[in-house]
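In case you want the letters, here they are:
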4 protein chains.
Amino acid sequence: MKIFEQHESNVRSYCRNFPTVFNKAKNSIIYSESQEYIDFLAGAGALNYGHNNDYIKQKVIDYLNADAIAHGLDFYTLAKEQFISKFFSSILNPKNLDYRLQFCGPTGTNAVEAALKLARKIKQRTGIFSFMGAFHGMTTGSLSITGNKKIRAGIFGIANDVTFMPYPYGKMANIDTLEYLESVLDDSHSGIEKPAAIIFETVQAEGGIIVASIQWMQRLRALCDRHDILLICDDIQVGCGRTGPFFSFERADIVPDLVILSKSISGYGFPMSLLLIKPKLDIWKAGEHNGTFRGNQLAFVGATAALEYRGNIGLEKEVKLKEFFLKNFLNEKIKSIDEKIEIRGIGMIWGIDLGKFNDPMLVKNIADHCFDLGLIIERVGRNDTVLKILPPLNIEMPILQKGCSIIQKAFIDCLIQKSSSNSELEKIGI
Amino acid sequence: MKIFEQHESNVRSYCRNFPTVFNKAKNSIIYSESQEYIDFLAGAGALNYGHNNDYIKQKVIDYLNADAIAHGLDFYTLAKEQFISKFFSSILNPKNLDYRLQFCGPTGTNAVEAALKLARKIKQRTGIFSFMGAFHGMTTGSLSITGNKKIRAGIFGIANDVTFMPYPYGKMANIDTLEYLESVLDDSHSGIEKPAAIIFETVQAEGGIIVASIQWMQRLRALCDRHDILLICDDIQVGCGRTGPFFSFERADIVPDLVILSKSISGYGFPMSLLLIKPKLDIWKAGEHNGTFRGNQLAFVGATAALEYRGNIGLEKEVKLKEFFLKNFLNEKIKSIDEKIEIRGIGMIWGIDLGKFNDPMLVKNIADHCFDLGLIIERVGRNDTVLKILPPLNIEMPILQKGCSIIQKAFIDCLIQKSSSNSELEKIGI
Amino acid sequence: MKIFEQHESNVRSYCRNFPTVFNKAKNSIIYSESQEYIDFLAGAGALNYGHNNDYIKQKVIDYLNADAIAHGLDFYTLAKEQFISKFFSSILNPKNLDYRLQFCGPTGTNAVEAALKLARKIKQRTGIFSFMGAFHGMTTGSLSITGNKKIRAGIFGIANDVTFMPYPYGKMANIDTLEYLESVLDDSHSGIEKPAAIIFETVQAEGGIIVASIQWMQRLRALCDRHDILLICDDIQVGCGRTGPFFSFERADIVPDLVILSKSISGYGFPMSLLLIKPKLDIWKAGEHNGTFRGNQLAFVGATAALEYRGNIGLEKEVKLKEFFLKNFLNEKIKSIDEKIEIRGIGMIWGIDLGKFNDPMLVKNIADHCFDLGLIIERVGRNDTVLKILPPLNIEMPILQKGCSIIQKAFIDCLIQKSSSNSELEKIGI
Amino acid sequence: MKIFEQHESNVRSYCRNFPTVFNKAKNSIIYSESQEYIDFLAGAGALNYGHNNDYIKQKVIDYLNADAIAHGLDFYTLAKEQFISKFFSSILNPKNLDYRLQFCGPTGTNAVEAALKLARKIKQRTGIFSFMGAFHGMTTGSLSITGNKKIRAGIFGIANDVTFMPYPYGKMANIDTLEYLESVLDDSHSGIEKPAAIIFETVQAEGGIIVASIQWMQRLRALCDRHDILLICDDIQVGCGRTGPFFSFERADIVPDLVILSKSISGYGFPMSLLLIKPKLDIWKAGEHNGTFRGNQLAFVGATAALEYRGNIGLEKEVKLKEFFLKNFLNEKIKSIDEKIEIRGIGMIWGIDLGKFNDPMLVKNIADHCFDLGLIIERVGRNDTVLKILPPLNIEMPILQKGCSIIQKAFIDCLIQKSSSNSELEKIGI
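We now examine the overall build of chain A. Summing up its helical and strand segments, chain A has 15 helices and 18 strands in all. For a compact globule of 430 residues, the expected C-alpha radius of gyration is about 22 Å, and chain A comes in at 22 Å, within 12% of that figure. Principal axes of the C-alpha set define a box for chain A whose edges measure 70 × 65 × 45 Å. Counting only residues that meet the buried cut, chain A has 68% of its 430 residues in that class.

Residue and element names in this part refer to chain A. Splitting chain A by domain gives domain 1 (2-52 + 314-427) and domain 2 (55-313). Of note, the centres of domain 1 and domain 2, computed from C-alpha atoms alone, are 26 Å apart. Opposite the 35 residues of domain 1 that make contact, domain 2 presents 36 residues. Both faces combined, the contact of domain 1 with domain 2 buries some 2800 Å², and carbon together with sulfur accounts for 52% of it. Taken as a group, Tyr49, Ile346 and Arg382 account for 26% of the area that domain 1 buries against domain 2, more than any other trio of residues on that side. One can count 1 salt bridge joining domain 1 with domain 2. Residue Glu206 pairs with Lys388 through a salt bridge whose shortest N-O separation is 3.2 Å.

Overlaying chain A with chain B gives an RMSD of 0.0 Å, the required rotation being 180° about an axis along which the chain moves by 0.0 Å. The superposition of one copy onto the other is thereby described by a two-fold rotation axis. No C-alpha of chain A lies nearer the rotation axis than that of A:Ala159, which sits 2.2 Å from it. Take the interface residues of chain A: 100% of them recur as interface residues in chain B, which is what a same-surface contact looks like.

All names here are of chain A. Running from N to C, helix 4 (residues 54-65) and helix 11 (residues 297-313) point in directions that differ by 145°, and their axes come no closer than 9 Å. Our pair here, helix 4 against helix 11, has a crossing hand that is right-handed. Contacts from Tyr55, Ile56, Lys59, Val60, Tyr63 and Leu64 in helix 4 reach Gln297, Leu298, Val301, Gly302, Ala305, Ala306, Glu308, Tyr309 and Asn312 in helix 11. In terms of residue class, the contact of helix 4 with helix 11 is made up of 10 nonpolar, 3 polar and 2 charged.

Residues and elements named next belong to chain C. One open sheet accounts for 4 strands, arranged 14-15-18-17; its pairing is antiparallel. At either end of the open sheet lies a strand with only one pairing partner, and these are strand 14 (342-346) and strand 17 (378-380). Ignoring strand direction, the axes of neighbouring strands in this sheet form an average angle of 30°. Taken strand by strand, helix 12 (residues 315-334) contacts strand 14, strand 15 (349-353) and strand 18 (386-389), and its axis lies near 10° from that of strand 15.

Attention shifts here to the arrangement of the chains. A gap remains between chain B and chain C, which never touch, and the nearest two C-alpha atoms on either side lie 8 Å apart. Structurally, chain A and chain D remain out of contact, their C-alpha atoms never closer than 8 Å.

Looking now at the interface of chain A and chain B. It is common to give the size of an interface as the accessible area lost on bringing the parts into contact. Tallying the contact residues gives 104 residues for chain A and 104 residues for chain B. Taken together, the two surfaces of chain A and chain B that pack against each other cover about 9200 Å², and 64% of this comes from carbon and sulfur. Joining chain A to chain B, the criterion identifies 6 salt bridges. Inspection of the chain A/chain B interface yields 54 residue pairs in polar contact (both at pLDDT 80 or more).

On the side of chain D, 104 residues touch chain C, which itself brings 104 residues to the contact. When the two sides are added together, the surface that chain C and chain D hide from each other amounts to roughly 9300 Å², 64% of it contributed by carbon and sulfur. At the boundary of chain C with chain D, the tally comes to 6 salt bridges. With its nearest N and O atoms 3.0 Å apart, the salt bridge here joins D:Glu8 to C:Lys80. Counting the contacts that link chain C with chain D gives 54 residue pairs in polar contact (both at pLDDT 80 or more). Each residue belonging to the side of chain C that touches chain D can be placed in one class, and the counts come to 50 nonpolar, 33 polar and 21 charged. The sheet contact formed by strand 4 (residues 76-77) of chain C and strand 1 (residues 21-26) of chain D spans 2 bridges and is parallel.

Turning our eyes to something else, we now look at the side chain of A:Thr139. For A:Thr139, the position within the fold is in the loop between strand 6 (128-131) and helix 7 (140-144). In this structure the side chain of A:Thr139 is engaged in a polar contact, spanning 2.6 Å, whose partner is the side chain of A:Thr109. When sequence neighbours within four positions are dropped, the list of residues in contact with A:Thr139 reads A:Thr109, A:Glu113, B:Asn110, B:Glu113 and B:Thr139.

All names here are of chain A. Where strand 14 (residues 342-346) lies against strand 15 (residues 349-353), 5 bridges are found, and the strand directions are antiparallel. Paired with Ile346 across the bridge in strand 15 is Ile349. Connecting the antiparallel pair strand 14 and strand 15 is a turn made up of 2 residues, with Gly347 showing a positive phi of about 55°.

Backbone-to-backbone hydrogen bonds join strands into a sheet, with any given pair of strands oriented parallel or antiparallel. Taken in spatial order, the 5 strands make up an open sheet running 4(A)-1(B)-2(B)-3(B)-16(B), and their pairing is mixed. On the outer flanks of this sheet lie strand 4 (76-77) of chain A together with strand 16 (375-376) of chain B, each paired with one strand and no other.

Charged atoms that come close allow side chains of opposite charge to pair. Summed over all chains, the structure comprises 108 salt bridges over all chains. A salt bridge links A:Asp228 to A:Arg125, with the nearest nitrogen and oxygen atoms 2.9 Å apart. Highlighted residues: A:Asp228 in the loop between helix 10 (214-227) and strand 11 (230-234) and A:Arg125 in the loop between helix 6 (108-123) and strand 6, separated in sequence by 103 residues. Since its relative accessible area comes to 38%, A:Asp228 is described here as partly exposed. For B:Arg226, the salt bridge goes to B:Glu182, with nearest N and O atoms at 2.8 Å. Of this pair, B:Arg226 sits in helix 10 (residues 214-227) while B:Glu182 is found in helix 9 (residues 177-186), placing the two residues 44 residues apart along the sequence. Given a relative accessible area of 52%, B:Arg226 falls into the exposed group. On the accessibility criterion, B:Glu182 (16% relative accessible area) is buried.

Time to look at helix 5 (residues 78-92) of chain D. Residue and element names in this part refer to chain D. The terminal C-alpha atoms of helix 5 lie 20 Å apart, and with 15 residues this matches the ideal 21 Å at 1.5 Å per residue to within 8%. Here helix 5 has its buried residues at Ala79, Lys80, Phe83, Ile84, Phe87, Phe88, Ile91 and Leu92. Considered in projection along helix 5, the buried side chains sweep an arc of 160° and stay on one side of the axis.

The two chain copies are connected by a rotation around an axis plus a translation along it. When chain C is fitted onto chain D, the two copies agree to an RMSD of 0.0 Å after a turn of 180° and an axial shift of 0.0 Å. When the interface residues of chain C are mapped onto chain D, 100% of them are again interface residues, pointing to one common binding face.

So, on to the nonpolar core. The biggest cluster of nonpolar side chains holds 596 residues, and the ones touching the most others in it are A:Phe87, B:Phe87, C:Phe87 and D:Phe87. Among the elements that line this core, the one with the most residues is helix 14 (residues 397-416) of chain D, at 11 residues. Excluding anything up to four places from it in sequence, D:Phe87 contacts D:Leu92, D:Leu101, D:Phe246, D:Phe247, D:Leu261, D:Ile265, D:Leu274, D:Leu276 and D:Leu307.

Another aspect to go through is the packing of aromatic side chains. Residue and element names in this part refer to chain A. Applying the stated criterion across every chain, the model contains 90 aromatic pairs over all chains. Consider the rings of Phe83 and Phe300, whose centres lie 6.2 Å apart with planes at 15°: the pair is stacked. A residue pair is termed long-range when its members are at least 10 positions apart, and Phe83 in helix 5 (residues 78-92) and Phe300 in helix 11 qualify at 217 residues. Take Phe83 and Phe300: they sit in the same class, and that class is buried. Ring geometry for Phe87 against Phe246: centres 6.0 Å apart, planes inclined by 70°, an arrangement best described as edge-to-face. Pair noted here: Phe87 is in helix 5 and Phe246 is in the loop between strand 11 and strand 12 (258-261), with a separation of 159 residues, a long-range link. One exposure class covers both Phe87 and Phe246, and it is buried. Put simply, the rings of Phe83, Phe87, Phe103, Phe246, Phe247, Phe249 and Phe300 touch in pairs and so form one group of aromatic residues. For Lys24, the ring lying beneath its charged end belongs to Tyr31, and the centroid distance is 5.8 Å.

Residue and element names in this part refer to chain D. With respect to the helices and strands, the residue Gly347 is situated in the loop between strand 14 (342-346) and strand 15 (349-353). With relative accessibility at 0%, the residue Gly347 sits in the buried group. For the pair formed by Gly347 and Pro245, sequence separation is 102 residues and the distance between their alpha carbons is 9.0 Å. Leaving out residues up to four positions away in the same chain, Gly347 has contacts with Arg242, Thr243, Val319, Glu323 and Leu326.

With that settled, the discussion passes to the pairing of strand 15 of chain A. Residues and elements named next belong to chain A. By the criterion of burial, strand 15 is predominantly enclosed, with 5 of the 5 residues buried. Burial along strand 15 is two-sided: Ile349, Gly351 and Asp353 and Trp350 and Ile352, pointing in opposite directions, are all buried. Pairing analysis gives 4 bridges linking strand 15 to strand 18 (residues 386-389), with the strands arranged antiparallel. Of the residues in strand 18, the one forming a bridge with Ile352 is Leu387.

The rules behind the values
- Residues numbered from 1 in each chain as written.
- Chains lettered and ligands numbered in written order.
- Predicted model: local features only at pLDDT ≥ 70, side-chain atom pairs only at ≥ 80, totals over all residues.
- Heavy atoms only, no water.
- Helix = DSSP H or I, 4+ residues; strand = E, 2+ residues; numbered from the N terminus.
- Rg over C-alpha atoms; globule rule 2.2 N^0.38 Å.
- Buried < 20%, exposed > 50% of the residue type's maximum accessible area, 1.4 Å probe, protein only.
- Domains from an automatic or database assignment.
- Contact = heavy atoms within 4.5 Å.
- Buried area = accessible area lost by both parts, 1.4 Å probe.
- Salt bridge = Lys/Arg side-chain N within 4 Å of Asp/Glu carboxyl O.
- Least-squares fit on C-alpha atoms with pLDDT ≥ 70 in both.
- Axes fitted to C-alpha atoms, helices over the stretch in contact; angles between N-to-C directions.
- Left-handed = near helix turned anticlockwise from the far one by under 90°.
- Nonpolar A, V, L, I, M, F, W, Y, C, P; charged D, E, K, R; others polar.
- Pairing = 2+ DSSP bridges.
- Polar contact = N/O pair within 3.5 Å; in protein donor to acceptor, adjacent residues only side chain to side chain.
- Expected span 1.5 Å × (residues − 1).
- Arc of directions from axis to C-beta.
- Core = buried A, V, L, I, M, F, W, Y, C linked by side-chain atoms within 4.5 Å.
- Phe/Tyr/Trp six-rings, centres within 6.5 Å; stacked < 30°, edge-to-face > 60°.
- Lys NZ or Arg CZ within 6 Å of the ring centre and 35° of its normal.

The structure is reproduced here in structure tokens:
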């Protein structure tokens, strides 16, 4: 690892929490030379179909062997044609959704930037409303709508006209956050102009796994309609089936004006991002937003195969079953350990919030202990006090259970053993 | 193509100029179902080693077959280790350069954004100087330092503290642009604060193939030193050997503080970007700039293979030979056609500037005619009046010559034939 | 009036509501050639001591006759010395307050701008929190912290880093506005940085006569202390005795870090403004904020005389008596007319809010009718639905009563007479 | 002076250079208790008619005695009517100029802010071009177009969309500054949008007495016409006859779209400012820019009297004579002392530039020595190396001569005596 410490910038981060050199991966397991790890991080959401998914892999290798277009800017290519076709036939059409597809620079943040630009262009207003706790990316525009002050510092306040609104979490859960938002819009002296768009996540993942209620999302959609404001759904982390249906907003039966996809869209961890635009809003002029890699052909190949794979194995149903398992496990086996523990989540994204312990080191210790025990798990949320459970959607049940057991053991080791007698452990069923 | 026109956003651009569906490519040739095209666009600079380079391709397929890490966030991986090792041994060490490597979100614009953030953080100043004619990318931060007003409009003026300075081109070539810049810094009443950094391209490609002189670059470096300003070289388009040596600034014998690479760094057109940071400037804290795809493993594999390939075939020398050919050809065969034609370029990036004709359609007609004749060539610069010649660096000489002949024929057809008699054509050697 | 309509800019406003040419004024009466008007506007708060107050006038004329300094930039002058001396002996010292005095450009907005600059300089943070409904002035900095969107439009969003917080009014009165504000500060992911200062009015006058509670102000002060944020009180309109004591914040027993005075400080309607700075915060360097007229000597003379006059006549006590009268009158005689009427106020600033009628013309009609009946009264607040009662503090009781009777008559004429029978009028005591 | 040092903010500045308490003034002389001073500062340009001008004074006292309106917001008043009438009959009409009059908050900076707002509203563009070296005031908007970096720091870069263009001074005098400006506008890739307006001073006073040439101003006006940009003339310091004619731009025979007046417009040093707007550009809505003191009635009275006074004494002609005297004196008696001295000026504003001595203390010493010898003179320009000669326009010739002699003596004492023998002094005629 010396070469990394010597030559790679200090900015590297995940590797610090999982300090080993990985060399192989398959499905839900990732390997270093000497050990194997269950992966509850799944490429931060980019590996919903697991590592090196065999079905997708074969399509990719075939494509490479055929000397098909590997890099094609935004040329018309067969790989892109097939993806568009499959995306409509298997996703948009069955859901009665109609969107134009913009292939952005292949990172989520690039599609967020495109969405902000397009929204401002459509409405000819510069304001954007974002929510406290939101995470949308690290380039200047995306960072301007991201709540985390530590990373926001990078833009030195020089991108602006963003207003942060309360998201129903923490103390803000005590007020009617959307009534607040609407009061601001309705008050001619509030000092805050009507924005071009409101951007939201149905589940704030980096914010700490905060799940918006169906009613809240429906009211948000209605509010945007009432005030002629665009609604942008950033579905980068919790789209592509993470909460069950392909889009995370489906459970609320709403249709955002713009939808941002990335992470797992390519199916194989290849960089790709997609902005979905309601057809009548597609007022872009040619080339107004571009980028050299916006046609990552291998990603198109992977994405098409991934959509086939989803259908073949009935993934959405599988997620429901695992959601049921995770919900029960976390509430029965983990929450019961200490009443200060909070469990939040939906589908296959769950958080174990230890914020009430007021002890950030505790959470780090648990995560580190998990790693020692063979599990990769990330910390998110305010002060990094939330353990985020984000396995590949197609993780085999025994591996999912094993990963959960590791978490349980780590909690017991870090929280209970030192202070509790065996009899007390027995009481909670360990 | 109907599916694209119906479902892909209006923002698509290259495909409008080259309206066919491509399905295969090899080295310097790209194929549609019915035709083949010589590629003088080379993925806008992302394909310096040609399409589906066999050497690189084999390494990539082997890697996929081995189920090595396909997506690894910024984990320590074997693929990254091998790239770092090779990049130091074959590039940095022989040139006596020392930089820390930051793997950014895999687009050039992401690395530009990282550079801006880091520069501001280092100097604790918010200002950036950029040059008129510059192109640095389409996300908010990068767009704020990009000169093209039409695309800048996308940020609605809400990212700021950027000052545009004159680049020695057009009427600005009549003044001493760096004396101007320094006068601004020296004048306590100029209204313009000392910036954190000055970002520049050694060759403004999108600006119209404007080649900075060695003396200008050396004076710029000295000026930055004098005023404690960081110098950032955006080597996205003309790095990776495009001008001959690996870095385009080598010809001036200067060392920028930060260097941005992307496009051809991965060798195979895979998305990748790299920020090089002088070791003492690497003051990032862990995770201050991040991104899901910043470790595009397949790109690392391609990049390592590409560096091997460069050495194996002696690419730098080859570029010099082709530069000689292109320079002669363009000046003798094209410039001679009409004195209003200007030729500019270096290495294997050349521009034929038709601005003095005051006829944007003329340039479009020539490019379209080239396409009909089997050549892909792009227009850049103010009002898109510059034809940009940007073939793969390893293009076979006969193909390079054939591509050039097509250009010549297109010029004659569009500029001369209608107005000139045969005898006049003979006079200029056609 | 033709000359005004022809040659004065369309921006003129008050004159449109009171369309006559005034030529004389004394105490609480202002005269046109043909009519006299009771003045319930008092120079928008600049004439707390009435028009052409005899005591002050004599001092001013004596000063002019003596050829004492009429204009002296910020030179040391006798007039300034005497004002400083009197301001300390009669105001600051008895209240155990200690402030440095900054004489700003002689408009309230100039002192607001100075306060913002100084606060940012002290804390080296750029953010300012202001409150919805706030009015602080019309120059770029002051407008950036003013809530009224119609007039804010003038800055086109190009001054920034201001966050508007809820003021306890309207729907926002349903939430704990300061808990909201503190939650934003406490949340590391709220997207909103800790500001340099919070600026507030103890009574939002232009916002619609919204009186902050004592408890709210005390909690605001404590919150600022807790978070190391400066507290700025804009006492331009309701300072100088308008609410009773000299400073309006005295009733809450708090001490702001910066206090802004203007309007009535000069006593005679002469332009003057004053920024009070806690001594340890006076980190200005010489000349960092300046202005040609910041030493308006005649204003100093008036201001000194005004402070003498206040003491001589026991003004504070008088205000208390008139407050009692106004409160009773408005609640008994006006509010009783219709339950949709709301009465708000303190000291000698009162508002009759007709917002619930949803009929902006109604309020305009009442004000116009008052003018016809010989009373000058302004409309403020959201949609201008609040009649603002702001007489000179030293108005003679019979004139105050007469002015109030005119209001009552105007209400009856506009609200009741058309729709009500005489017997109904009798029931409400008319 | 103790009371000032103890209680007045550190921001005070002029008083530090002239540390005495002034108590009386008449015409061109200002008195402390023990000494008298010739005033070559003239209230920084606010006292073009001298201190306590008898003609104006009598009108002001009469007005006060009559209990005419002392404070009238923007009501229609007799005082305002008379000023408008006189301003048209004696200034605008004879010059064939037609402007609407906006009475702004009574400080120059307030009128600058109004001009910026109006220009942006008219053109619906946010950009403003200002010139390096410019000074326009200390509120956020005005400061954003002011070049002095030390005082600009106060806005922390949070007001923007201002571009500084070179003014023909210093090294910038070597380039064609207006060709530079137009190149920026013409270049579609310059990164700098077409502004709403260009604001300029015909003589940069604070910048160091830099006089724009007639040709430069005419080209600037033509350039603005060509590009549909408004031209704003800030005539605060050099208008009102300072350069001879009432407006300083008259010598170039151009008509700006907006003109800003303040300082000497009221004639007596009373705060007042005026924005002149071409009638067709007066698109203000009522109240879009306002302010409590924008109708400073005493200032109107003074201003009317001042215009009468100008005519009565034939002031414009007098200025021409004194310009001739000053020009000769400075070039013959001062410039001859040392070739490093530069003389610049026009009308009755002149600068002695000692920048080439690279010795800021030298200039301060000379100014201090002048003060000791009974002359008040200010330092301006880059590093405060320019002595600014700005006497009242109606200064009596003997006093003007005496003031000049004091300057000469101070130069000799500070520059020559120590280093030169008597014979050398004789050679230069002393």
